[in-house]
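Residue-level structure breakdown
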Amino acid sequence: VLAFAQKPEAVPLPGVFRYQGRSIPMYFQGVAWFDSRDFRILRIRTELLTPLVDVSLDRLSADIQFVETRIPNLSSILFLPRDVEVVSVAGGGTLREHLNYSDYRLFQAESRILLNP
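Conventions we followed
Residues numbered from 1 in each chain as written. Predicted model: local features only at pLDDT ≥ 70, side-chain atom pairs only at ≥ 80, totals over all residues. Heavy atoms only, no water. Helix = DSSP H or I, 4+ residues; strand = E, 2+ residues; numbered from the N terminus. Rg over C-alpha atoms; globule rule 2.2 N^0.38 Å. Buried < 20%, exposed > 50% of the residue type's maximum accessible area, 1.4 Å probe, protein only. Contact = heavy atoms within 4.5 Å. Phe/Tyr/Trp six-rings, centres within 6.5 Å; stacked < 30°, edge-to-face > 60°. Lys NZ or Arg CZ within 6 Å of the ring centre and 35° of its normal. Pairing = 2+ DSSP bridges. Axes fitted to C-alpha atoms, helices over the stretch in contact; angles between N-to-C directions. Polar contact = N/O pair within 3.5 Å; in protein donor to acceptor, adjacent residues only side chain to side chain. Core = buried A, V, L, I, M, F, W, Y, C linked by side-chain atoms within 4.5 Å. Salt bridge = Lys/Arg side-chain N within 4 Å of Asp/Glu carboxyl O.

Section: the overall build of the protein
- Check the secondary structure of the protein and you find zero helices and eight strands.
- Along the protein, helices (α) and strands (β) appear in the sequence β-β-β-β-β-β-β-β when read from the amino end.
- Taken against the 2.2 N^0.38 rule, which gives 13 Å for 117 residues, the C-alpha radius of gyration of the protein at 19 Å runs more than 25% over that of a compact globule.
- For the protein, the C-alpha atoms occupy an extent of roughly 55 × 50 × 30 Å along the three principal directions.
- By residue count, 21% of the 117 residues in the protein fall in the buried class.
- The contacts in the protein between residues at least 6 apart in sequence include a share of 31% that link residues at least 24 apart.

A closer look at the packing of aromatic side chains
- Under the criterion given, the structure shown has one aromatic pair.
- Just above the ring of Trp33 sits the side chain of Arg43; from NZ or CZ to the centre is 4.4 Å.

Overview of the pairing of strand E6 (residues 57–70)
- Across five bridges, the pairing between strand E5 (residues 41–48) and E6 is antiparallel. In the sheet register, Glu47 faces E6, and the bridge partner there is Ser61.
- Examined bridge by bridge, E6 and strand E7 (residues 77–90) share 13 bridges and lie antiparallel to one another. Opposite Glu68, over in E7, you have Phe79 as the bridge partner.
- The hairpin turn running from E6 into E7, its antiparallel successor, is six residues long, and Asn73 in that turn takes a positive phi close to 70 degrees.

Quick notes on the sheet that holds strand E1 (residues 2–5)
- The strand order across the open sheet built from six strands is E1-E4-E5-E6-E7-E8, with neighbouring strands paired in antiparallel fashion. In this open sheet, the two edge strands, each paired with only one partner strand, are E1 and strand E8 (93–100). Along the sheet, successive strands turn relative to each other by an average axial angle of 15 degrees, direction set aside.

Quick look at the side chain of Asp83
- Among the secondary structure elements, Asp83 is positioned in strand E7.
- A polar contact is formed between the side chain of Asp83 and the side chain of Arg82, at a distance of 3.0 Å.

Considering the nonpolar core
- In this structure, Ile24, Met26, Leu48, Leu52, Val55 and Leu57 together form the largest nonpolar core, which totals six residues.
- Setting aside residues no more than four positions away along its own chain, Met26 makes contact with Gln6, Pro14, Gly15, Val16, Phe17, Leu48, Leu52 and Leu60.

Looking at the environment of Ile71
- Mapped onto the secondary structure, Ile71 falls in the loop between E6 and E7.
- Residue classification places Ile71 among the buried residues on the basis of a relative accessible area of 7%.
- Along the backbone, Ile71 and Val86 are 15 residues apart, and their C-alpha atoms lie at a distance of 26 Å.
- Residues in contact with Ile71, not counting those within four places in the same chain, are Leu78, Leu80, Tyr104, Arg105 and Leu106.

Some words on the pattern of salt bridges
- This model, assessed by the stated rule, comprises eleven salt bridges.
- Between Arg43 and Asp63 there is a salt bridge, and its shortest N-O distance comes to 2.7 Å. Of the two residues, Arg43 sits in strand E5 while Asp63 sits in strand E6, which places them 20 residues apart along the sequence.
- A salt bridge links Arg45 to Asp63, with the shortest nitrogen-to-oxygen separation between them at 3.9 Å. Taken together, the positions of Arg45 in strand E5 and Asp63 in strand E6 put the pair 18 residues apart, joining distant regions of the chain.
- Overall, the relative accessible area of 25% leaves Arg45 in the partly exposed class.
- Residue Asp63 is classed as buried on the basis of its relative accessible area, which comes to 14%.
- Through salt bridges with shared partners, a single network forms among Arg43, Arg45, Glu47, Arg59 and Asp63.

Take a look at the structure:
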């Protein structure tokens, strides 16, 4: 288990909360769980470091659980999100969102840069 907290003065590009034309920087703290055998990430839980008083955002948290995922035609094993729970408390109301991910597929694309003559 690893606990972390961002130091605002050391974060050059923080997350941003946009609301009614305003952009307010967000800083996070949290806990990450790793498998002790191979150090793969199992779960991450994040919280706002401090409430965003200017926009009445008292809480924003995310709890993400990862699962070993095998995708057809890809030799690598990926550890991708399976369940995500997001909770926000703003303006006296609470919003709870639960996301469940499955059936991952591999998409490939090709691109090229064209320079104007």
